[in-house]
Structure formats: C-alpha cells, structure tokens
Amino acid sequence: MMIELMYFLMNTIISTVIDILPIIVILFGFQFIIIRKKIPNFKKIIIGFIYVLLGLSLFLVGLDEALFPIGQTMAYQLSDPDFLTGGLDIEIGWGDYIWVYIFAAAIGFSTTIAEPSLIAVAIKAEEISGGGIKSWGLRGAVAIGVAVGVSLGTFRIVSGTSLPLYIMAAYIVVIIQTYFASKTIIPLAYDTGGVTTSTVTVPVVAALGLGLASSVPGRSALLDGFGLIAFASVFPIMSVLAYAKIADMISLRQAANNEGKHDLD
Amino acid sequence: MPIVLVIGFFQYVIIQQPFPNLERILPGIIFVVLGLALFVQGLEMALFPLGESMANAFAKKGSLIALLSFAFCLGFGTTVAEPALIAVAAEAASVAAKGGVIAVNDDAMASYATNLRLVVALSVGVAVMLGVLRILKGWPMQYIIIGGYIFVIIITNFAPANIIGIAYDSGGVTTSTVTVPLVTALGVGLSKTIRGRNPMIDGFGLIAFASLSPVIFVLLFGIVTAAIS
C-alpha cells in the first residue's frame with residue numbers, strides 16, 4: 001500500500017518535471033542568452049522550484065488517490081436514471097435532476113477554492129491592491145461564480161439547450177457589467193476566468209459533463225459533454241465584477257454615512 | 001477541505017453508500033494539504049520573484065524584440081506540452097472523425113490532434129505577446145476583450161456544430177498551474193517598472209488574453225478544416 005503510493009508519487013514527480021521542463025528551458029534560456037545577468041538569490045529560486053515541483057506532485061497524487069475517483073463515480077451515480085427514479089419506471093424530466101445541479105454547484109465551489117493557480121493570482125492581487133482586495137474575498141467570489149456556472153451548465157446538458165446561446169448571453173452580461181465597473185477591477189476579473197479552470201477543476205468538471213451527457217437519454221457524450229469548462233470560465237468574471245461593485249457600494253455608503261454624522265455634529 | 005465535506009455529504013446523505021476504501025483516501029487528503037502548502041511556499045520563493053526580476057531585466061534592457069519573443073515562447077512553450085490540452089485535442093479528433101470531417105483512421109486523427117494542439121499553442125503565444133504589448137502601450141483592456149467576445153459570437157455562427165463545445169472549453173485548459181503565477185508576475189513586474197503604468201490596471205489581463213485567443217483560433221481551425229474537406 002505505502003510502497004504503491006510511493007511508486008505513484010515518483011511517477012507523478014517525473015511527469016510533472018517533464019511538464020514544466022519547457023518552461024524551465026525557456027526561462028533559463030532567455031535568462032542566460034538574452035539577459036546575461038546573474039539571477040539574484042539563485043539558490044533560493046532553485047529551492048523554490050523544487051518546492052513547487054514537490055508540492056504540485058503531492059497535490060496531484062493526493063487528488064488522484066482520494067478525490068477524483070469518488071467525484072467521478074458520484075457524478076455517474078447521481079445522474080443514473082435508476083437513482084433518479086428510485087428504480088421506478090417513470091418518465092424523468094429536467095426537474096428530477098435537482099441533486100445533480102446542487103452537486104455541480106457544490107463541487108464547482110469547492111474545487112475552485114482549492115485551485116492552486118487561483119491562490120497565486122489572489123495572493124498577487126491582495127499584495128498589489130494594498131489589501132483593498134482580500135485574497136479570501138476574491139477566491140470566494142470566483143468560487144461562487146464557478147458554482148453558478150457549472151450548475152447552469154449541467155442544466156444545459158440535461159435540458160439539451162444550445163451552448164452558444166448561453167455563452168453569448170453570458171458575454172453580453174459581462175459586457176454590460178464591464179461598462180459599469182470601476183477600471184481597476186476589470187483586468188483582474190477577466191483573468192480569474194482563465195485561472196479558475198486548471199489542475200483541480202478541469203478533471204472533475206469534465207468528468208461530470210461527460211458522465212451526465214452519457215447517462216441522460218438522448219444526449220451524446222461527444223456533442224453535449226463539452227461546454228461545462230466554458231461555463232466555469234465565464235461566470236467567475238461576472239461574480240468578480242459584481243463583488244467589486246458591491247464592495248464599492250458598501251464603502252461609498254459608509255463614506256456617506258460618515259459625512260451625515262459630520263453634519264449632525 | 002471543502003471538497004471533502006461536499007463529497008462526504010453527498011456520499012452519505014444522498015447516495016447513502018459507505019465510502020469505498022477509506023484507508024486510501026486519508027493519506028490522499030494529507031498529500032493534498034501538504035502539497036498546496038509547499039506549492040504556495042515555492043510560489044513566493046521562486047515563481048513570483050523570478051517572473052518579476054525577468055520583467056525588470058527586460059524593461060531595463062529596452063529591447064522590444066527580446067521581450068516580445070520571450071512572451072511568445074512562454075505562451076507557446078507552456079501550452080504545447082500541457083497535458084489537459086493533449087487530452088482535449090485527442091477528444092476533438094475523435095469528434096471530428098465521427099462527424100465525417102476527417103477520415104476515420106489513426107493517422108488522420110493523430111495529425112488532426114497535433115494540428116489542433118499547435119494552433120492552440122500558437123494562439124496562446126500570440127496572446128501573451130499581444131498582452132505584453134498592451135502593457136507597454138497602456139491600451140485599455142476591456143475594448144480588446146469585448147472585441148474578442150464579439151468576434152467569437154460572430155464566427156460561432158459559421159463554425160461546424162461539433163467544434164463549438166471544444167473551442168469554448170479550450171480557453172480554460174491552456175492556463176496551467178505553473179504558467180499562471182509566472183505570467184502574472186511578468187505582467188505585474190512590467191507594469192511596476194514602466195513609468196505611468198498602474199499594476200492593478202495594466203499588470204493583470206495576460207491570462208485573460210491567453211484564455212480568449214484559443215477559443216477564436218480553434219473556431220477558425222474548425223471552419224478551415226471543414227471548408228477543406
């Protein structure tokens with residue numbers, strides 16, 4: 001058991017090294033050939049790289065061992081017609097998939113909170129905004145967006161409605177929100193759309209989509225199974241823009257209240 | 001770990017089945033927590049400082065070509081080997097084969113998948129390059145992105161139905177865990193060094209470019225391959 005796990009870990013470390021090898025070659029290639037300067041704190045950076053490698057490998061092995069298998073079987077079980085009807089031979093409509101929608105929202109939220117690249121961007125955002133944006137607030141807002149998006153995406157698969165229609169509607173909402181948003185939040189909000197969907201979210205969410213599309217009668221896994229990741233990338237943009245707007249409004253109201261008190265004095 | 005809670009709740013309360021092999025799951029969870037802690041540590045030690053110091057060095061050197069070619073290589077190099085992209089490209093090839101766009105044999109599917117991967121990697125390279133150029137020039141980001149969205153909406157109407165889902169998804173799979181911190185640090189570092197740029201307004205946005213452009217390129221790829229066949 002332990003030996004098996006160690007073996008698996010070694011394999012993952014090797015494949016992670018291979019995955020990030022091109023990045024390392026590019027970074028150091030440019031550093032030595034074009035910049036031609038010594039890297040400050042070279043030793044610390046090497047140790048940091050090893051940390052990243054080890055951390056990522058441990059993280060992936062842990063996910064593979066513990067969470068992915070259950071997450072995937074559950075996606076299948078919850079969308080299984082036998083489970084939905086309780087074994088009875090009745091027609092199932094889109095309303096019967098309520099647990100699938102709730103599961104999709106919950107899994108979207110929790111995988112996003114654990115997403116390492118989102119953590120990276122949130123740390124940077126808090127640092128640059130001087131604490132004006134809280135790392136946890138941003139991650140929460142993004143996670144809510146992904147939850148809503150994935151949940152709506154599963155509804156789309158179940159109901160068999162057109163993907164471009166949803167995505168276009170979502171784009172239009174984003175465009176309108178952008179118009180009213182403060183200039184400082186827009187790039188960050190757009191970035192979170194791409195960040196949410198990486199190591200953790202993609203495998204689980206993709207499995208959910210493919211599982212659902214293959215078990216819902218009349219859906220093809222290949223045509224309807226895709227699209228969930230697109231939902232998970234557009235909706236966080238909306239939720240982050242909304243989060244920034246609400247935060248702005250609260251601080252404005254507080255400022256207004258304080259002024260009101262002054263008038264009374 | 002919220003994921004554990006979610007899965008535990010659904011397993012016991014809704015599906016009402018006991019957990020399969022709990023003794024594998026517990027070490028797995030410890031691995032995840034430990035891995036994340038190490039990753040964040042390494043992020044602060046290596047990826048962030050390296051990205052920013054390289055951004056500084058490029059800004060000081062003042063060679064636009066060197067900086068832009070670095071940006072392109074970073075986008076292209078990190079995407080072409082991305083495992084998630086390889087998986088999606090293979091999936092897309094089998095969809096295309098079933099849809100009759102390409103011949104149903106391994107050769108045709110393999111070359112389709114490779115082409116698609118190259119197209120996506122190329123698009124990410126171009127996107128990061130364009131994003132860096134935007135930081136240098138201080139262009140407002142929203143017009144470019146919204147223009148991109150509108151373009152996506154228009155060409156969706158011309159794309160074959162079976163490529164649309166894959167195209168929309170491809171934007172999400174290109175940005176890997178190591179690329180994101182590096183690219184973010186690069187953008188923020190550049191906008192800190194160049195006078196008149198605000199890191200909050202100009203520093204972010206590179207990832208948004210890298211997620212939007214694959215959608216456009218894959219849709220175009222679908223249109224072109226469908227037109228040829």
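Residues numbered from 1 in each chain as written. Chains lettered and ligands numbered in written order. Predicted model: local features only at pLDDT ≥ 70, side-chain atom pairs only at ≥ 80, totals over all residues. Heavy atoms only, no water.

Peer 1: In this structure, what is going on with the overall build of chain A? I would like to understand it.
Peer 2: When helices and strands are tallied, chain A shows 11 helices and 0 strands. Ordering the α and β elements of chain A from the N terminus gives α-α-α-α-α-α-α-α-α-α-α. The long-range share in chain A, meaning contacts at least 24 apart out of those at least 6 apart in sequence, stands at 78%. Counting every atom, chain A has about 11800 Å² of accessible surface; 68% of that belongs to carbon and sulfur. (Helix = DSSP H or I, 4+ residues; strand = E, 2+ residues; numbered from the N terminus. Contact = heavy atoms within 4.5 Å. Areas by Shrake-Rupley, 256 points an atom, 1.4 Å probe, with all protein chains shown as cover.)

Peer 1: Honestly, the interface of chain A and chain B in this entry has me stumped. Any pointers?
Peer 2: A common way to state how big an interface is: give the accessible area lost once the parts meet. Residue-level contacts link 91 residues of chain A with 89 residues of chain B. Summing both sides of the interface, chain A and chain B together bury roughly 8300 Å²; the carbon and sulfur share of this comes to 82%. Summed over the shared surface of chain A and chain B, the number is 2 salt bridges. In this structure, Lys192 of chain B and Glu127 of chain A form a salt bridge, with 3.8 Å as the shortest nitrogen-oxygen distance. Where chain A packs against chain B, one counts 4 residue pairs in polar contact (both at pLDDT 80 or more). Of all elements in the fold, only helix H1 (2-35), helix H2 (42-79), helix H4 (98-113), helix H5 (116-128), helix H7 (163-180), helix H8 (186-195), helix H10 (221-224) and helix H11 (228-264) of chain A reach the threshold of two or more residues within the side of chain A that touches chain B. In terms of residue count, H2 of chain A provides more of the side of chain A that touches chain B than any other element does, 23 residues in total. Here the side of chain A that touches chain B is composed, by residue class, of 65 nonpolar, 18 polar and 8 charged. (Buried area = accessible area lost by both parts, 1.4 Å probe. Salt bridge = Lys/Arg side-chain N within 4 Å of Asp/Glu carboxyl O. Polar contact = N/O pair within 3.5 Å; in protein donor to acceptor, adjacent residues only side chain to side chain. Nonpolar A, V, L, I, M, F, W, Y, C, P; charged D, E, K, R; others polar.)

Peer 1: What is the right way to look at empty space enclosed by the protein in this model?
Peer 2: Over the atoms, a rolled probe matching the size of one water molecule traces out where space is still vacant. For the structure on display, the rule yields 6 cavities of 30 Å³ or more. In this structure, the largest cavity occupies an estimated 220 Å³ of space. Lining the largest cavity are 18 residues, and of these Tyr171 and Ser233 of chain A together with Tyr149, Ser211 and Leu212 of chain B sit closest to its centre. Those elements that place two or more of their residues in the lining of the largest cavity are H7, H8 and H11 of chain A together with helix H6 (141-156), helix H7 (161-173) and helix H10 (206-228) of chain B. (1 Å grid on protein atoms, 1.4 Å probe; cavity = no way out; pocket = protein on both sides within 12 Å on 5 of 7 lines; lining within 4 Å. Points joined across faces, edges and corners; volume = space filled by probe spheres on them.)

Peer 1: How should I be thinking about the confidence of the model for chain A in this particular structure?
Peer 2: For residues with low pLDDT, the predicted coordinates do not support detailed interpretation. Summary statistics for chain A give a mean pLDDT of 79 and a share of 85% for residues scoring 70 or more. Element-level pLDDT for chain A is lowest in helix H3 (residues 81-85) of chain A, with a mean of 58, against a maximum mean of 89 in helix H6 (residues 135-159) of chain A. (pLDDT = per-residue confidence, 0-100.)

Peer 1: Mind showing me how you'd approach the confidence of the model for chain B here?
Peer 2: Per-residue pLDDT for chain B averages 81, and the proportion of residues at 70 or more is 87%. Interface confidence for the predicted complex, given as ipTM, is 0.79, next to a pTM of 0.81.

Peer 1: Hey, could you run me through a nonpolar patch on the surface in this one?
Peer 2: Residues and elements named next belong to chain A. Together, Phe32, Ile33, Phe42, Ile46, Ile50 and Leu54 make up a nonpolar patch on the protein surface, roughly 540 Å² of accessible area in all. Taken together, the elements giving at least two residues each to the nonpolar patch come down to H1 and H2. The biggest single contributor to the nonpolar patch is H2, with 4 residues. Inspection of the secondary structure puts Ile50 in helix H2. What makes Ile50 partly exposed here is its relative accessible area of 45%. (Patch = residues over 30% accessible without salt bridge, like charges linked within 9 Å, V, L, I, M, F, W, Y side chains within 5 Å. Buried < 20%, exposed > 50% of the residue type's maximum accessible area, 1.4 Å probe, protein only.)

Peer 1: What exactly am I supposed to notice about the layout of surface pockets here?
Peer 2: Empty space within the second largest pocket amounts to approximately 240 Å³. Surrounding the second largest pocket, Ser129, Gly132, Ile133, Ser182, Thr184, Ile185, Tyr243, Ala244, Ala247 and Asp248 of chain A together with Met200 of chain B form its lining. Its residues assigned to classes, the lining of the second largest pocket comprises 6 nonpolar, 4 polar and 1 charged.

Peer 1: Quick question: what am I supposed to make of the packing of helix H4 (residues 83-98) of chain B against helix H5 (residues 106-137) of chain B here?
Peer 2: Axis angle and axis distance: for two packed helices, these are the angle between their axes and the distance between the axes, and together they describe the pair. Residues and elements named next belong to chain B. The interhelical angle for the contact between H4 and H5, taken along N-to-C directions, is 130 degrees, at an axis separation of 8 Å. Of the possible angle classes, the one that applies to H4 and H5 is oblique. Regarding H4 and H5, the two cross each other, and that crossing is right-handed. Along the contact surface, H4 presents Leu85, Ile86, Ala89, Ala90, Ala92, Ala93, Ser94, Ala96 and Ala97, while H5 presents Met109, Tyr112, Ala113, Leu116, Arg117 and Val120. Residues that form the contact of H4 with H5 fall into these classes: 13 nonpolar, 1 polar and 1 charged. (Axes fitted to C-alpha atoms, helices over the stretch in contact; angles between N-to-C directions. Parallel < 35°, antiparallel > 145°, perpendicular 65-115°, else oblique. Left-handed = near helix turned anticlockwise from the far one by under 90°.)

Peer 1: What is the right way to look at the pattern of salt bridges in this model?
Peer 2: If charged atoms from side chains of opposite charge come close, those side chains can pair. Taken as a whole and judged by the stated rule, the model has 4 salt bridges over all chains. One salt bridge in this structure joins Lys192 of chain B and Glu52 of chain B, with 3.6 Å as the shortest N-O distance. Within this pair, whereas Lys192 of chain B is found in helix H8 (residues 179-193), its partner Glu52 of chain B is found in helix H2 (residues 22-61), the two being separated by 140 residues in sequence. On the basis of relative accessible area, Glu52 of chain B is assigned to the buried category, the value being 16%. Counted as one network, the salt bridges with shared partners bring together Lys124 and Glu127 of chain A together with Glu52 and Lys192 of chain B.

Peer 1: Is there a simple way to explain the side chain of Thr12 of chain A in this structure?
Peer 2: Topologically, Thr12 of chain A is positioned in helix H1. Those residues in contact with Thr12 of chain A that sit more than four places away from it in its chain are Ser57, Leu60 and Val61 of chain A.

Peer 1: For this particular structure, what's the right way to read the packing of H5 of chain B against H10 of chain B?
Peer 2: Residue and element names in this part refer to chain B. Orientation of H5 relative to H10, taken along the N-to-C sense of each, is 140 degrees, at an axis distance of 8 Å. Taken together, H5 and H10 sit at an angle that is classed as oblique. With respect to the hand of their crossing, H5 and H10 are arranged in right-handed fashion. Of the residues contributing to the contact of H5 with H10, the split by class is 17 nonpolar, 5 polar and 1 charged.

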